[in-house]
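Chain and residue survey
What follows is the residue order along each chain.
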Amino acid sequence: MNIRNIYKKSLQMIKEVKNKKEYIELIDKENLLSIPSLEYISGKKFKNLVK
């Protein structure tokens, strides 16, 4: 899987969670980007991505 697909999947999954704790639980199960990586690539903070 390339980084673009992982990034898209991470953004899709972040819409289904309500907080960092729920997202962290999904990282290993769903092979998602870590929170710092996601914030760096998107240029947005986690709070803004959840909205």
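The text that follows walks through the structure, step by step, so that each part is easy to find. Model, not experiment: these values are computed from the prediction. (Residues numbered from 1 in each chain as written. Predicted model: local features only at pLDDT ≥ 70, side-chain atom pairs only at ≥ 80, totals over all residues. Heavy atoms only, no water.)

1. What to know about the overall build of the protein
Each helix and strand counted, the protein has four helices and zero strands in total. Each helix and strand of the protein, placed in order from N terminus to C terminus, yields the pattern α-α-α-α. Each of the three principal axes of the protein carries a C-alpha extent, and together these read 25 × 25 × 15 Å. The 51 residues of the protein split such that 29% are buried. (Helix = DSSP H or I, 4+ residues; strand = E, 2+ residues; numbered from the N terminus. Buried < 20%, exposed > 50% of the residue type's maximum accessible area, 1.4 Å probe, protein only.)

2. A closer look at the pattern of salt bridges
Pairing between side chains of opposite charge can happen when the charged atoms of each approach one another. Applying the stated rule across the entire model yields one salt bridge. Across the salt bridge formed by Glu 30 and Lys 9, the nearest N and O atoms sit 3.8 Å from each other. On the criterion of sequence distance, the pair formed by Glu 30 in helix H2 (residues 20–30) and Lys 9 in helix H1 (residues 3–14) is long-range, its members being 21 residues apart. By relative accessible area, which is 24% here, Lys 9 ends up partly exposed. (Salt bridge = Lys/Arg side-chain N within 4 Å of Asp/Glu carboxyl O.)

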